[in-house]
Number of protein chains: 4
Amino acid sequence: MEKYKEFFKADRFAAHAGVELLEVKPGYARARMLVSKEHLNAGGVCQGGALFTLADLAFAAVANSHDQLTLSINANITFLRSVKEGYVYADAIEVFNHHRIPFIEIKLTDETGELIVVMTSSGYRKK
Amino acid sequence: MEKYKEFFKADRFAAHAGVELLEVKPGYARARMLVSKEHLNAGGVCQGGALFTLADLAFAAVANSHDQLTLSINANITFLRSVKEGYVYADAIEVFNHHRIPFIEIKLTDETGELIVVMTSSGYRKK
Amino acid sequence: MEKYKEFFKADRFAAHAGVELLEVKPGYARARMLVSKEHLNAGGVCQGGALFTLADLAFAAVANSHDQLTLSINANITFLRSVKEGYVYADAIEVFNHHRIPFIEIKLTDETGELIVVMTSSGYRKK
Amino acid sequence: MEKYKEFFKADRFAAHAGVELLEVKPGYARARMLVSKEHLNAGGVCQGGALFTLADLAFAAVANSHDQLTLSINANITFLRSVKEGYVYADAIEVFNHHRIPFIEIKLTDETGELIVVMTSSGYRKK
């Protein structure tokens with residue numbers, strides 16, 4: 001766990017966005033981000049890119065939880081509710097631990113437990 | 001054009017990521033971002049969230065190019081090549097200017113013109 | 001339930017593909033399809049379009065389970081395992097029952113309970 | 001070209017749906033389907049699964065146009081307009097001919113040239 005936390009501290013863009021990795025174990029990861037004024041878009045709600053960054057770090061943590069370098073092929077993100085402040089939590093589950101093309105689902109919830117974003121993403125494990 | 005540039009300057013997260021809106025006209029928008037060390041992930045390449053933020057700003061600019069507030073329903077992003085430095089350009093085209101559910105395609109290219117990301121996104125126009 | 005079953009019998013393409021609607025209640029639907037030689041592609045496994053058709057009927061059933069006409073905006077389908085024969089079951093859950101843009105997740109499993117396809121889809125409810 | 005046409009004739013589900021492969025060359029494929037009453041859903045328009053089947057065959061043709069077996073990892077399909085009758089054409093372009101994970105875009109148009117569906121899909125080339 002600690003080695004993963006150390007590794008992902010090197011994700012400067014995610015760190016910059018305030019993303020914290022809370023937990024990693026094989027097949028599961030949890031992260032969070034405190035939404036502040038720095039995360040808002042021109043419409044006054046948290047920018048999609050900030051939410052994506054949080055989800056993507058959780059994806060990377062779980063996809064790499066088997067000690068095999070895994071990249072993201074693609075991601076499909078759906079924005080259900082907007083958020084303006086407070087913590088957003090990301091729970092990433094590896095739905096399919098394939099040796100080459102794993103599939104991960106990430107759900108983002110706000111402090112009240114309301115679902116705000118669903119993302120699914122396929123990874124690619126290099127040999 | 002100037003009003004759009006002004007409006008999108010209020011996107012603090014995109015500004016923070018270094019995204020600049022270069023052009024907006026009905027049905028088309030162009031933006032760019034200079035990839036620096038601040039954009040890298042733990043693997044040493046530009047974080048997916050940074051590329052998403054660039055693409056999302058271009059989406060928002062084109063989706064809102066008809067003076068009608070348009071939100072993002074979802075986005076599907078595919079990472080074709082990684083990038084470590086230099087400018088990345090986003091060209092967003094409104095493929096389908098529907099009065100309620102427009103559809104936009106965004107292509108990201110690096111300084112040599114190589115395609116690095118393709119994103120498609122459906123918007124929702126409020127009444 | 002019976003009215004929904006009757007209604008979806010009018011889906012000629014799905015019926016033609018052998019899709020049967022098993023259950024519909026608000027927020028949930030279940031359907032199945034018996035994979036036969038008629039469903040195979042040139043590679044000898046069930047064609048993606050057949051699996052999509054099954055998933056799409058389950059989507060339509062759950063999306064329309066509130067007596068309000070709902071169309072599909074888009075769908076994102078990931079193929080995890082191939083299947084050659086036997087029943088494939090589709091379980092569709094309305095993750096977000098929004099009055100305008102609901103979000104549905106559909107999981108396809110084979111007879112042994114193995115997950116073979118995950119699809120997510122946003123709908124659009126007309127007034 | 002003829003060998004590809006022969007090969008894809010073995011796609012029984014697509015043949016059953018009336019899909020015809022019109023052209024294949026490296027990086028490009030074109031197919032069509034005549035929408036009849038057999039393709040309609042309960043709402044009286046062409047079922048999403050029928051349109052997906054057409055798009056998927058065009059995907060498979062172009063993805064396999066380099067004599068290397070390529071499977072579909074996932075597909076993201078957006079329904080822009082409905083169609084009730086007449087030919088629908090699918091034009092598939094291999095946007096990124098990667099040796100392992102190619103990326104293909106498929107556009108469906110009706111007889112008047114109106115865009116009705118956009119699909120993007122990542123493939124996986126086995127060794």
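Each remark here, short or long, concerns the structure printed above.
Residues numbered from 1 in each chain as written. Chains lettered and ligands numbered in written order. Predicted model: local features only at pLDDT ≥ 70, side-chain atom pairs only at ≥ 80, totals over all residues.

(A) How the structure looks around the packing of helix H3 (residues 48-63) of chain C against helix H3 (residues 48-63) of chain D. Packing of H3 of chain C against H3 of chain D brings their axes to within 8 Å, and their N-to-C directions diverge by 160°. Classified by the angle between their axes, H3 of chain C and H3 of chain D sit roughly antiparallel to one another. Seen along the crossing, H3 of chain C lies across H3 of chain D with a hand that is right-handed. In this structure, H3 of chain C uses Gly48, Gly49, Phe52, Thr53 and Asp56 of chain C to contact H3 of chain D, whose residues at the interface are Gly48, Gly49, Phe52, Thr53 and Asp56 of chain D. Residues of the contact of H3 of chain C with H3 of chain D, tallied by class, amount to two nonpolar, six polar and two charged. (Axes fitted to C-alpha atoms, helices over the stretch in contact; angles between N-to-C directions. Helix = DSSP H or I, 4+ residues; strand = E, 2+ residues; numbered from the N terminus. Parallel < 35°, antiparallel > 145°, perpendicular 65-115°, else oblique. Left-handed = near helix turned anticlockwise from the far one by under 90°. Contact = placed C-beta atoms within 7 Å. Nonpolar A, V, L, I, M, F, W, Y, C, P; charged D, E, K, R; others polar.)

(B) Main features of the interface of chain B and chain A. Opposite the 30 residues of chain B that make contact, chain A presents 30 residues. Mapped onto the side of chain B that touches chain A, the elements with two or more residues apiece are helix H1 (2-9), helix H2 (12-16), helix H3 (48-63) and strand E3 (70-79) of chain B. Tallying contributions element by element places E3 of chain B first for the side of chain B that touches chain A, with eight residues. Residue composition of the side of chain B that touches chain A, grouped by class: 14 nonpolar, 11 polar and five charged. Taken together, the five bridges between strand E3 (residues 70-79) of chain A and E3 of chain B define a ladder with antiparallel strand orientation. The partner of threonine 78 of chain A across the bridge, within E3 of chain B, is asparagine 74 of chain B. (Pairing = 2+ DSSP bridges.)

(C) Up close: the sheet that holds strand E1 (residues 19-25) of chain A. If you walk across this open sheet you meet the 12 strands as E1(A)-E2(A)-E4(A)-E5(A)-E6(A)-E3(A)-E3(B)-E6(B)-E5(B)-E4(B)-E2(B)-E1(B), and the pairing is antiparallel. Every interior strand has two partners, whereas the edge strands, E1 of chain A together with strand E1 (19-25) of chain B, have only one. Going across the sheet, the axis of each strand differs from the next one's by a mean of 20°, ignoring polarity. Two strands pair when backbone bridges link them, and E3 of chain A and strand E6 (residues 115-125) of chain A are joined in this way by nine bridges, in the antiparallel orientation. Looking at E6 of chain A, one finds that leucine 71 of chain A is bridged to tyrosine 124 of chain A.

(D) Spatial organisation of the relation of the copies chain C and chain A. At an RMSD of 0.0 Å, chain C and chain A line up after a rotation of 180° and a shift of 0.0 Å along the axis. What we have between these two chains is a two-fold relation. The rotation axis passes nearest to the C-alpha of asparagine 76 of chain C in chain C, at a distance of 3.7 Å. Both copies contact each other with a shared surface, as 100% of the interface residues of chain C are interface residues in chain A too. (Least-squares fit on C-alpha atoms with pLDDT ≥ 70 in both.)

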